[in-house]
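Report on the structure
These are the residues of each chain, in order.
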Amino acid sequence: MNLDLFAPSAERRDEPLCDGAVVLRGFALDDAAALLRAIDAIAAQAPFRHLVTPGGFRMSVGMTNAGPLGWVSDRRGYRYDPVDPESGRPWPALAPSFLHLAGAAAAQAGFDGFVPDACLVNRYVPGTRLSLHQDRDERDLGQPIVSVSLGLPATFLFGGMQRTDRQRRVPLAHGDVAVWGGPARLRFHGVLPLKPGHHPSLGECRINLTFRRAG
Ligand code: SIN
Ligand code: FE2
């Protein structure tokens, strides 16, 4: 008997990480081209920049935002700001395709009614990493995080509630969506240094969109 007949396709399956966290393999594949066009439009209005941490370190990930609120960091701390500090203007709007994808992914992961008001756009080039952290600057921690991977593959580190807890190494590829919320909402996570490579639609680059309900 061929059990594969009854299994979901290899590209699109739900891979639970722990209670409250799942990787939806290939969930954003059909939307990827539209997302990349929208990201170009965002970056034209609010260019990628390297933020400085409160401790004075320049982050290697290039960042920008879309939506009513944008995540920023400087010597004063981390915060959500309705205005791009570089231009003094509001962040570019969240495209309907973004809102739809984020809501659908959250629902698929068991979090109904997710309406993000912030989308952090992270750009990685080979060598770029994101050190272990918690997403905890959002007002309502009852809302999940929806994280969309595009371009070059990366290794996502998914840890526990303590920084020192053992981390799982989760490969994330173009079109994968990771969602964490509920009991997993404050788990530490990060991204290992991006390996060199070439992606057909993004070249030597990975882009990650993280959708949050910040305000
Ligand atoms: C983040 O934690 O903000 C980004 C995670 C990722 O790039 O996959
Ligand atoms: Fe994060």
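Please read these numbers as outputs of a predicted model, since none were measured by experiment. (Residues numbered from 1 in each chain as written. Chains lettered and ligands numbered in written order. Predicted model: local features only at pLDDT ≥ 70, side-chain atom pairs only at ≥ 80, totals over all residues. Heavy atoms only, no water.)

This part is about the site of ligand 1. Near ligand 1 you find Asn 122, Tyr 124, Leu 130, His 133, Ser 147, His 189, Val 191, Arg 206, Asn 208, Thr 210 and Arg 212, and these make up its full shell. In the model, an oxygen atom of ligand 1 is placed 2.5 Å from a nitrogen or oxygen of the Tyr 124 side chain. Side-chain polar atom of His 189 to an oxygen atom of ligand 1: 3.0 Å apart, as the coordinates give it. For ligand 1, whose accessible area on its own is 260 Å², the fraction buried by protein is 99%. Taken together, the elements giving at least two residues each to the shell around ligand 1 come down to β6 (118-124), β7 (130-133), β12 (189-191) and β13 (206-212). Ranked by residues supplied to the shell around ligand 1, first place goes to β13 with four residues. Here the residues of the shell around ligand 1 are counted per class, giving three nonpolar, six polar and two charged. (Near = heavy atom within 4 Å. Polar contact = N/O pair within 3.5 Å; in protein donor to acceptor, adjacent residues only side chain to side chain. Areas by Shrake-Rupley, 256 points an atom, 1.4 Å probe, with all protein chains shown as cover. Helix = DSSP H or I, 4+ residues; strand = E, 2+ residues; numbered from the N terminus. Nonpolar A, V, L, I, M, F, W, Y, C, P; charged D, E, K, R; others polar.)

Ordered in space as β1-β2-β11-β8-β13-β6-β3, the seven strands form an open sheet in which the pairing is antiparallel. Each end of this open sheet is capped by a strand with a single partner; those strands are β1 (14-18) and β3 (62-66). Strand-to-strand twist across the sheet, computed as the mean angle between neighbouring axes with direction ignored, equals 20 degrees. Looking at chain direction, β3 and β6 are connected through five bridges and run antiparallel. (Pairing = 2+ DSSP bridges. Axes fitted to C-alpha atoms, helices over the stretch in contact; angles between N-to-C directions.)

Ranked by internal contacts, the top residues of the largest apolar core, which has 32 residues, are Ile 39, Phe 98, Val 148, Leu 150, Ile 207, Leu 209 and Phe 211. Going through the elements one at a time, β2 (21-24), α1 (32-45), α2 (96-108), β6, β8 (145-151), β11 (177-180) and β13 are the ones with two or more residues in this core. If you tally residues by element for this core, the top one is α1, at seven residues. Setting aside chain neighbours within four positions, we find Ile 39 in contact with Phe 48, Phe 98, Val 121, Leu 150, Ile 207 and Leu 209. (Core = buried A, V, L, I, M, F, W, Y, C linked by side-chain atoms within 4.5 Å. Buried < 20%, exposed > 50% of the residue type's maximum accessible area, 1.4 Å probe, protein only. Contact = heavy atoms within 4.5 Å.)

So, on to the sheet that holds strand β10 (residues 168-172). The four strands are arranged β7-β12-β9-β10 in an open sheet whose pairing can be described as antiparallel. Lying at the two open borders of the sheet, with one neighbouring strand each, are β7 and β10. Within this sheet the neighbouring strands show an average axis-to-axis angle of 20 degrees, counted without direction.

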